[in-house]
Amino acid sequence: MTAVKLSGLIGQPAAAAFLRQVVVGGRFANAYLFHGPAGVGKGTAALAFARALLCERGAGRHAETASLFDAPSATAAAGPRDDACGECPACLKSGSLQHPDLRFLFPVSGEEKELDQTIADTLQQLREDPLYVFTYDKAASIRISLTRELLRELAFKPFEAVRRIVVVRDADRMREDQYSAMLKSIEEPGASTVWVLTTARPHRLPATIRSRCQRVRFAPLDEARVADFLEARAGVAGKEARLLAALSAGSLARALALRGVKPIELRNQALALLEPALRGDASELWRAVQRAAGFGRAGRESLRGIVEFHELWLRDLLRARYGMEKEQLANPDREAEIRRQAATLDAREIRRRLMVLEETLRAIEGNVTADLALFSGLARVAGQRLGEGDWPRHAAARWDY
Ligand SMILES: [Zn+2]
């Protein structure tokens, strides 16, 4: 994430334009809530916004220095800045996350006594790796000790800047008492702190917090843009980039996190699982599902991945039916097969299969045994009900997928 600016945000034109207009306007809410799907750039935008607010040549200019040094120069002629300049002392500090008035909180997991080290390590990785992706385990949270320290600090004036910016990543991972303390600060009139909260789960924040924040919405990224980014900046080969982008459902972070896997190979294995179902071989289908579930440590996760590959395949069949070009397919490397199958399956049958897979995904998420859910999902996609007496022949079932 090195030294990001609002002008460099990827694929969020509406949010970026809004934030730049806020920076120019020079009037700031006490708190902003950046919400939208995970991995679409909310955290990056929050830091970019913070930098713009701290920039000494723009929104962060001290009034007294402005009167002394601001000749009606080129900057004035160009109008007020809507972004960090990237060059002033404040920008240099904020760019390496070392500005004393930029506080950056994010969820962490692990032992309390290793907390400082964990945070220092994370920040270091974030500085060094422009493709760094935050990943949390289920129990990760924004630690109480950190918010306590922060709230003590808020009683004092900012160190260097006009105002202090507190960026809280994934602000939904806090406890009730943390929210009430935060709320007090947000409600304080004339506060010199601007809060920027990000979340993919806004409903988990107390309504009292949500209602006091200026909300900024972030949308899923365009798949083509994610694919381009993967190819240009993350060194992913073209056809893999396309598939990862399709799998990511518009989340760049998810696409980046997946880049270690061999997506083409995984997809081929996933699609091959349907073969025993198509042959009507229940016991082989069951064994294949068991093998698939044992792949990674996270069985449920890999089962979900398998279903998603099947969904992408079916969506490609629909795309092919609607006459879309090769570049619009998630699986362009298997275009010939896709076109052949698309010609033999009608759209209703493809949708039926997609609905079965959607149900399967829900069952995998829910309490149903995940491997059983995949087993029966694949059997039903193939138009069968394995192990339930006679197999009713589905009207439109085909055996060539
Ligand atoms: Zn600057």
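On a predicted model such as this, the values are computed, not experimentally measured, just so you know.

(A) Spotlight on the overall build of the chain. The number of helices and strands found in the chain is 19 helices and five strands. In the chain, which comprises 401 residues, the share counted as buried stands at 49%.

(B) Highlighting the sheet that holds strand E3 (residues 164-168). Spatially, the five strands line up as an open sheet ordered E2-E3-E4-E1-E5, and their pairing is parallel. If you trace the sheet from one side to the other, it starts and ends with strand E2 (102-105) and strand E5 (214-217), each paired once. Ignoring which end each strand starts from, the neighbouring axes of this sheet average 15° apart. Two strands pair when backbone bridges link them, and strand E1 (residues 31-35) and E5 are joined in this way by four bridges, in the parallel orientation. Looking across to E5, one finds that Leu33 is bridged to Arg215. Contacting E2, E3 and strand E4 (193-199), helix H7 (residues 144-154) runs over the sheet at an angle of about 160° to E2.

(C) View of the coordination of the zinc ion. With distances of 2.3 to 2.4 Å, the protein atoms coordinating the zinc ion are Cys55 (SG), Cys85 (SG), Cys88 (SG) and Cys91 (SG). In this structure, the zinc ion is coordinated by four donor atoms arranged in tetrahedral fashion, with angles at the metal of 105 to 117°. Sequence positions of the donors to the zinc ion reduce to the motif C-x29-C-x2-C-x2-C. You can see Cys55 sitting in the loop between helix H2 (42-54) and helix H3 (63-69) and its partner Cys91 sitting in helix H5 (residues 89-95), a full 36 residues away along the chain. Of the two residues, Cys55 and Cys91, both sit in the buried class.

(D) Expanded view of empty space enclosed by the protein. A complete count under the given rule lists one cavity of 30 Å³ or more for this structure. Estimates place the volume of the largest cavity at around 40 Å³. Lining the largest cavity, in full, are Leu105, Thr147, Leu150, Leu151, Met174, Gln178, Met182 and Trp195. Looking at the lining of the largest cavity, the elements that each hand over two or more residues are H7 and helix H8 (176-187). By residue number, the principal contributor to the lining of the largest cavity is H7, which donates three residues. When grouped by side-chain class, the residues that make up the lining of the largest cavity number six nonpolar, two polar and no charged.

(E) Region of the structure containing the nonpolar core. By size, the foremost hydrophobic cluster in this structure holds 122 residues, and its most contacted members are Phe34, Phe49 and Trp195. The element contributing the most residues to this core is helix H16 (residues 299-321), with 10 residues. The residues contacting Trp195, other than those within four sequence positions of it, are Asn30, Ala31, Tyr32, Leu150, Leu154, Val166, Val168, Met182, Ser185 and Ile186. With six residues, the next largest nonpolar core counts Cys55, Ala84, Cys88 and Ala90 among its residues.

(F) Up close: helix H11 (residues 238-248). Burial of H11 is extensive: eight of the 11 residues sit out of reach of the surface. Considered for burial, the residues of H11 that qualify are Ala241, Arg242, Leu243, Leu244, Ala245, Ala246, Leu247 and Ser248. Looking at the residues trailing H11, positive phi occurs at Ala249, about 50°.

(G) Just the pairing of E2, in detail. Burial along E2 is two-sided: the residues Leu102 and Phe104 and Arg103 and Leu105 are all buried. Pairing geometry for E2 and E3, over four bridges, is parallel. Bridge pairing in E3 places Leu105 opposite Val168.

(H) Molecular detail of the pairing of E4. Where burial is concerned, most of E4 is hidden: seven out of the seven residues are buried. The alternating pattern of E4 places Thr193, Trp195, Leu197 and Thr199 on one face and Val194, Val196 and Thr198 on the opposite face, and all of these are buried. Both E1 and E4 contribute to a ladder of five bridges, which runs parallel. Bridging from a neighbouring strand, Phe34 pairs with Thr198 of E4. Note: E3 against E4, five bridges, orientation parallel.

(I) Representation of the environment of Leu230 in the model. Relative to the helices and strands, Leu230 is located in helix H10 (residues 223-233). Taking the C-alpha atoms as reference points, Leu230 and Ala241, separated by 11 residues in sequence, lie 5.8 Å from one another. When residues no more than four places from it in sequence are discounted, the contact partners of Leu230 are Gly235, Val236, Ala241, Leu244, Ala245, Ala255 and Leu256.

(J) Highlighting the pattern of salt bridges. Scanning the entire structure with this criterion turns up 23 salt bridges. For Arg242, the salt bridge goes to Glu223, with nearest N and O atoms at 3.7 Å. Of this pair, Arg242 sits in helix H11 while Glu223 sits in helix H10, and the two are 19 residues apart along the sequence. Overall, the relative accessible area of 22% leaves Glu223 in the partly exposed class. Close ionic contact of Glu359 with Arg380 constitutes a salt bridge, the shortest N to O distance being 3.1 Å. With Glu359 in helix H18 (residues 347-365) and Arg380 in helix H19 (residues 370-381), this residue pair connects regions lying 21 residues apart in the sequence. Note on Arg380: relative accessible area 27%, which makes it partly exposed. Connected through salt bridges with shared partners, the residues Arg103, Glu153 and Arg164 form a single ionic network.

Rules behind the numbers
Residues numbered from 1 in each chain as written. Predicted model: local features only at pLDDT ≥ 70, side-chain atom pairs only at ≥ 80, totals over all residues. Heavy atoms only, no water. Helix = DSSP H or I, 4+ residues; strand = E, 2+ residues; numbered from the N terminus. Buried < 20%, exposed > 50% of the residue type's maximum accessible area, 1.4 Å probe, protein only. Pairing = 2+ DSSP bridges. Axes fitted to C-alpha atoms, helices over the stretch in contact; angles between N-to-C directions. Contact = heavy atoms within 4.5 Å. Donors = N, O, S within 2.8 Å, 3.2 Å for Na, K, Ca; no water. Tetrahedral: all angles 85-135°; square planar, octahedral: opposite > 155°, others 65-115°. 1 Å grid on protein atoms, 1.4 Å probe; cavity = no way out; pocket = protein on both sides within 12 Å on 5 of 7 lines; lining within 4 Å. Points joined across faces, edges and corners; volume = space filled by probe spheres on them. Nonpolar A, V, L, I, M, F, W, Y, C, P; charged D, E, K, R; others polar. Core = buried A, V, L, I, M, F, W, Y, C linked by side-chain atoms within 4.5 Å. Salt bridge = Lys/Arg side-chain N within 4 Å of Asp/Glu carboxyl O.

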